[in-house]
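Tertiary structure, described
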Amino acid sequence: MTTQIRDLDHYKELYRQSVESPEQFWDKEAKTFTWFKAYDEVCTWDFEKPAVKWFLNGKMNITYNCIDRHLADKADQVAILWEPNDPKDEAVRYTYQELHDEVCKCANGLKALGIEKGDRVVFYMPMVAELAIAVLACARIGAVHSVVFAGFSAQALADRVDDAKAKMIICSDFNKRGAKNIAVKEVVDQAMNIGCKSVETVLVHQNTGAEVTWNTEKDKWWHKEINHQSTICAPEEMDAEDMLFILYTSGSTGKPKGVVHTCGGYMVYTCFTFKNVFQYQPGDIYWCTADIGWITGHSYIVYGPLLAGATTLMFEGVPTFPDAGRFWEICEKHKVNQFYTAPTAIRALMACGDDIPNKYDLSSIKVLGSVGEPINEEAWHWYDKKIGKGNAPIVDTWWQTETGGIMITPLPGITDTKPTFASYPMPGIQAVLVNSEGQELKENNVEGLLCIKHPWPSILRTTYGDHERCRQVYFSPFKGMYFTGDGARRDEDGRIRVIGRVDDVINVSGHRMGTAEVENAINEHPQVIESAVVGYPHEIKGQGIYAYVISQGKALDDAFRKEISDVVRREIGPIAKPDKIQFVTGLPKTRSGKIMRRILRKIASNDAANLGDVSTLLNPDVVEELKKSALV
Ligand code: WT7
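Below is a summary of the structure that appears in this document. Note that the structure is predicted; figures quoted are calculated from it, not measured.

Analysis parameters
- Counting restarts for each chain: residues are numbered from 1 in the order of the written sequence.
- This being a predicted model, a pLDDT of at least 70 is required before a residue's local features are given, and a value of 80 or more before pairs of side-chain atoms are given or counted; all residues contribute to the totals for chains, interfaces and linings.
- Based on all heavy atoms of the structure, the side-chain values leave hydrogens and waters out of the count.
- We count a stretch as a helix when DSSP gives it H or I for four or more residues in a row; a strand needs E for two or more, and each element gets its number in order from the N terminus.
- We take the radius of gyration over the C-alpha atoms and set the globule estimate at 2.2 Å times the residue count to the 0.38 power.
- Only protein chains enter the accessibility calculation, which uses a 1.4 Å probe; a residue whose area is less than 20% of its type maximum is buried, one above 50% is exposed, and one in between is partly exposed.
- Working rule for contacts: check all heavy atoms of both residues, and any pair within 4.5 Å makes them a contact.
- Note on areas: Shrake-Rupley with a 1.4 Å probe; residue coverage comes only from the protein chains shown.
- Only four residue types enter the tally: Lys and Arg on the positive side, Asp and Glu on the negative side, with His and both chain ends excluded.
- Note on charges: their place is set at NZ of Lys, CZ of Arg, CG of Asp or CD of Glu.
- For two strands to be treated as a pair, DSSP must find at least two bridges joining them.
- Structural elements are reduced to axes, namely lines fitted to C-alpha atoms, with helices fitted over the stretch in contact, and the angle between N-to-C directions of any two is expressed from 0 to 180 degrees.
- Ring pairs shown here join Phe, Tyr and Trp side chains whose ring centres sit within 6.5 Å, with only the six-membered ring taken for Trp; geometry is labelled stacked below 30 degrees between planes, edge-to-face above 60, and tilted in between.
- Distance and angle both matter: a charge sits over a ring if NZ of Lys or CZ of Arg is within 6 Å of the ring centre and within 35 degrees of the ring normal.
- Take the number of residues in a helix, subtract one, and multiply by 1.5 Å to get its expected span.
- Summary of the distance rule: residues count as near a molecule or strand when at least one heavy atom falls within 4 Å of that molecule or strand.
- Two N or O atoms count as a polar contact when they lie within 3.5 Å, although within protein this holds only if one can serve as hydrogen donor and the other as acceptor, and sequence-adjacent residues are included solely when both atoms are side-chain atoms.
- Classification used: nonpolar for Ala, Val, Leu, Ile, Met, Phe, Trp, Tyr, Cys and Pro, charged for Asp, Glu, Lys and Arg, polar for all others including Gly.

A few words now on the overall build of the protein chain. Check the secondary structure of the protein chain and you find 20 helices and 30 strands. Taking 632 residues into account, the globule formula puts the C-alpha radius of gyration at 26 Å, and the protein chain, at 24 Å, falls close to it. Counting the 632 residues in the protein chain, one finds 61% classified as buried. Partitioning the intrachain contacts of the protein chain with sequence separation of at least 6 by distance along the chain shows that 71% fall at a separation of at least 24. Just so you have it, the protein chain exposes about 23,700 Å², and 48% of that area is on carbon and sulfur atoms. Positive and negative side-chain charges of the protein chain, numbering 71 and 84 respectively, have mean locations separated by a distance of 2 Å.

Now for the sheet that holds strand β22 (residues 446-452). By definition, the strands of a sheet pair up through backbone hydrogen bonds, in either a parallel or an antiparallel sense. Strand order across the open sheet formed by four strands is β21-β22-β24-β25, with antiparallel pairing between neighbours. Either end of the sheet is taken by a strand with one partner, and the two such strands are β21 (431-434) and β25 (496-501). Within this sheet the neighbouring strands show an average axis-to-axis angle of 45°, counted without direction. Pairing of strand β24 (residues 482-490) with β25, which is carried by five bridges, proceeds in the antiparallel orientation. Bridge pairing in β25 places Asp 486 opposite Arg 501.

Counting across every chain of the model gives 42 aromatic pairs. Between Phe 36 and Tyr 64 the ring centres are 5.5 Å apart and the planes differ by 75°, which places this aromatic pair in the edge-to-face class. Here the residue Phe 36 occupies a position in the loop between α2 (22-30) and β1 (41-46), and Tyr 64 occupies one in helix α3 (residues 62-66), the gap between them amounting to 28 residues. We classify Phe 36 as partly exposed; its relative accessible area is 31%. Note on Tyr 64: relative accessible area 25%, which makes it partly exposed. A connected cluster of aromatic rings, assembled from ring pairs, spans Phe 274, Phe 278, Tyr 280, Tyr 286, Tyr 300, Tyr 340 and Trp 399. Its guanidinium or amino end placed over the ring of Phe 421, Lys 418 lies 4.3 Å from that ring's centre, counting from NZ or CZ.

With that settled, consider helix α5 (residues 96-112). The end-to-end C-alpha distance of α5 is 24 Å, a good match for the 24 Å that 17 residues give at a rise of 1.5 Å each. Those residues of α5 lying buried are Tyr 96, Leu 99, His 100, Val 103, Cys 104, Lys 105, Cys 106, Ala 107, Asn 108, Gly 109 and Leu 110. A positive backbone phi angle near 95° is found at Gly 114, which sits one or two residues after α5.

Neighbouring the ligand are 17 residues, the closest being Asp 396, Thr 397, Thr 401, Asp 486 and Arg 512. Within the side chain of Thr 401, an N or O atom sits 2.5 Å from an oxygen atom of the ligand. Relative to its free-state accessible area of 550 Å², the ligand is covered by the protein chains to the extent of 95%. Contributions of two or more residues to the shell around the ligand are made by α11 (295-307), β20 (394-397) and β25. Classifying every residue of the shell around the ligand gives six nonpolar, six polar and five charged.

Okay, unusual backbone geometry next. Backbone torsion omega between Lys 49 and Pro 50 reads -15°, so that peptide bond is classified as cis. Tracing the backbone through its elements, the reader meets Pro 50 in the loop between β1 and β2 (51-56). Here Phe 321 and Pro 322 are connected by a cis peptide whose omega angle stands at -5°. Even without a glycine there, the phi angle at Lys 335 is positive, about 50°. Position of Lys 335 relative to the elements: it lies in the loop between α12 (326-334) and β18 (338-341).

Spatial relationships are all this shows, so hold off on functional conclusions.
Shown next as structure tokens:
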């Protein structure tokens, strides 16, 4: 087992070691796992190329470490505790032995369907236990999983399948979300019509049993292909640097990129961070409310907890069904000890009033986690007082899809907490602030761009099929450093507060979105000539989506706004729909034709009084028009 940090001195000592001799530090942690063949070097790296390798030539399988190695002493302990959408239905428990058997059956089924090591398998599934099982089954046989959040549109799904050249899609028939039944298979059918030429098989898990259209050539039922398979499947011997998964995420330009994580480093880092950030103790029930379609679900519902031999709760439903007490009801019912959610959920539930959480016994909660976006002070205090009753430290965890695991966070009971501060870097993480010239700002009480100096085991290795993009986005802005895209402040005691993105990426309800992506979708409407999208402060979502649209030959009314929203829903999914659409005749541009987003952001944020100098614009007059018709 990876080291469990005991107290502040222990943290400081480990941090010091991890900076002075990172290789020795991670070698010690890595040695606590089962390797089929020992690695012969801990780390080689070159951020110029970039080329980062951890645990070179080591052979392993992450599922052996997640499951098999726990069978000796935890075969009957619950690994996955699955809570259904409808509280009237029974929770389902998978012990480590049962999880082993289900994963092996699924792995054998995938093999029988022609999936081999290195093949890509795309998932489009609700939060059913079979999603976790099949993800692990891929890892067991060396197939590369790429989970697509089931709220994305058919077009977005097809784009990802095509980029990954996936051989299989695994989906459900329907997705139970609150009172709704969402036709998941139908979206996959549409995606198959738009693209997905590489897909040979669509494996369909029967979730509700309602009728679906069937393509007899490619569609296969899960229960027919998997249920009869053997419960034994030897884990594939993987190189530490073999690909484990691709996860698509948005950037400031172009299409979403496929972030690539590899087996060995990801294993070591997610286990180490899980154990320490949540101070997990044997017997604890840990719950992360994320969806496995995002990195949080990968690292802290599936891999981290299972690697640490924990009991991980997986919830199918939504926080507001049958009412806004659902999260707290589940905490009470299962005596949840660590609860990890997003600020947007905290704010939404806070708005429903204190009476709701007050009805439940939340005394089992020892640690509260926050992730995905900056948590505002009000939400932090509410979470602390009303949910944690002042007894459960809040770990405000900063990290990214690209980092694979938690990077900056308080450690509960070990380091102090301060509202809105992600606080201190994990051992092994050399977080620095730089100015726009790339000079490191060493003093405290400064604001700058957040970079990381030395590789950590779960740093992204590439962006799938486009290594140059990976270099340009993360490694070329500042020489010798990984650039996060975030701005941050360091207080007088060295705690870090992550303020938010400094690029054209916005964070809507913890969902990361590129403004360019949303603009491209809006521009698909035939009557839209040009558009510009910015984020603005939104009480519940953190940031809302504000779109400026230039159009021709259309009445500028709500019916048109709805058409634009529908196009965005079709191209990306409902999560990307603009909250506000302002029709304009022009956009503020520099002499070289670049849109001045700074001005658009200020107007959308109701801060038009502080626009600064606009006289250098190509079309300064347009600013007055934008201000006059602003939707604020
Ligand atoms: C971006 C990464 C990390 C898993 C979920 C999101 C923002 C994330 C925090 C936090 C302030 C945060 C950053 C980051 N972010 N956590 N605790 N405080 N900002 O992963 O979709 O890759 O988004 O989310 O801006 O760059 P992601």
